[in-house]
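# Residue-level structural notes
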Amino acid sequence: MGLLSSLRRLYRSQADEARILFLGLDNAGKTTILKLLADGDIQTVTPTQGFHIQSLIYEGFRLNVWDIGGQRAIRPYWRNYFETTDALVYVFDCADRHRLKESGDELSLLLEEEKIIGVPLLVLANKQDLRHALPADE
Ligand SMILES: Nc1nc2c(ncn2[C@@H]2O[C@H](COP(=O)(O)OP(=O)(O)OP(=O)(O)O)[C@@H](O)[C@H]2O)c(=O)[nH]1
Ligand SMILES: [Mg+2]
């Protein structure tokens, strides 16, 4: 799977597991992506209150993904999860054009955080199946 191999490449250590942080605005699709990767049922996905941990195994490598809720009230708690993170995945809802700026602003704030400096970042342009979605390269 492309995303899992990308995450594996982001993290070049010899260790056999990594801690990955999934962030992005509410409704971006973080939990859905993880459930799909884990072959889970995406019909039952509801907004994440707090956080959810999903373990994914890729070619013998374990990714422990911390999926944090993106609702505005929860965002101040994102920083509590920065410590010991090996990579950060930031998910954009490309179909929600009204909130692209808000999402970009949150990402900019994140990148100013000292604990995140040097942590590999993967930006995921989600919801590309929707006709009005902004293409990933934009
Ligand atoms: N069309 C489309 N819908 C998607 C996609 N990914 C997620 N969704 C839908 O987007 C909605 C929100 O998905 P979630 O996975 O709950 O979003 P989240 O980022 O985890 O949201 P929070 O937990 O509130 O931070 C759900 O209705 C999903 O079915 C996608 O790639 N395409
Ligand atoms: Mg969620």
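- Under the UniProt heading Sequence similarities (unreviewed entry), the entry covering the protein chain gives this text: "Belongs to the small GTPase superfamily. Arf family."
- Recorded in UniProt under Subcellular location (unreviewed entry), the annotation for the protein chain is "Golgi apparatus".

## Things to note about the site of ligand 1
- In the neighbourhood of ligand 1, 17 residues make up the surrounding shell, with K30, T32, T48, G70 and D129 lying closest.
- The separation between an oxygen atom of ligand 1 and a polar main-chain atom of A28 is 3.2 Å.
- Between an oxygen atom of ligand 1 and a main-chain N or O atom of G70, the distance comes to 2.7 Å.
- Protein burial of ligand 1: of its 660 Å² of free accessible surface, 76% is covered by the chains.
- Residue contributions to the shell around ligand 1 peak at three residues, all from helix α2 (residues 30-37).

## Some thoughts on the coordination of the magnesium ion (ligand 2)
- Each protein donor to the magnesium ion (ligand 2) is listed here as T31 (OG1) and T48 (OG1); together their distances run 2.0 Å. You can see T31 sitting in helix α2 and its partner T48 sitting in the loop between α2 and β2 (51-58), a full 17 residues away along the chain.
- Take T31: its relative accessible area is 11%, and that puts it in the buried class.

## Here's the deal with the UniProt feature "binding site: Mg(2+)" (unreviewed entry) in the protein chain
- Summarizing the sequence annotation, UniProt attributes the feature "binding site: Mg(2+)" (unreviewed entry) to T31 and T48 in the numbering used throughout. A stretch of 18 residues holds the annotated residues, and the largest C-alpha distance among them is 7.6 Å, short enough that they meet in one place.
- Beyond its immediate stretch of four places on either side in the chain, T31 contacts V45, T48, H52 and D67.
- Relative accessible area serves as the criterion here: at 14%, T48 is assigned to the buried category.
- Ignoring anything within four residues of it in the chain, the contact list for T48 reads T31, D67, G69, Q71 and I74.
- For T48, the side chain forms a polar contact with the side chain of T31, separated by 2.9 Å.

Thresholds applied
- Residues numbered from 1 in each chain as written.
- Chains lettered and ligands numbered in written order.
- Predicted model: local features only at pLDDT ≥ 70, side-chain atom pairs only at ≥ 80, totals over all residues.
- Heavy atoms only, no water.
- UniProt positions renumbered as here; feature names shortened; annotations may be inferred.
- Near = heavy atom within 4 Å.
- Polar contact = N/O pair within 3.5 Å; in protein donor to acceptor, adjacent residues only side chain to side chain.
- Areas by Shrake-Rupley, 256 points an atom, 1.4 Å probe, with all protein chains shown as cover.
- Helix = DSSP H or I, 4+ residues; strand = E, 2+ residues; numbered from the N terminus.
- Donors = N, O, S within 2.8 Å, 3.2 Å for Na, K, Ca; no water.
- Buried < 20%, exposed > 50% of the residue type's maximum accessible area, 1.4 Å probe, protein only.
- Contact = heavy atoms within 4.5 Å.

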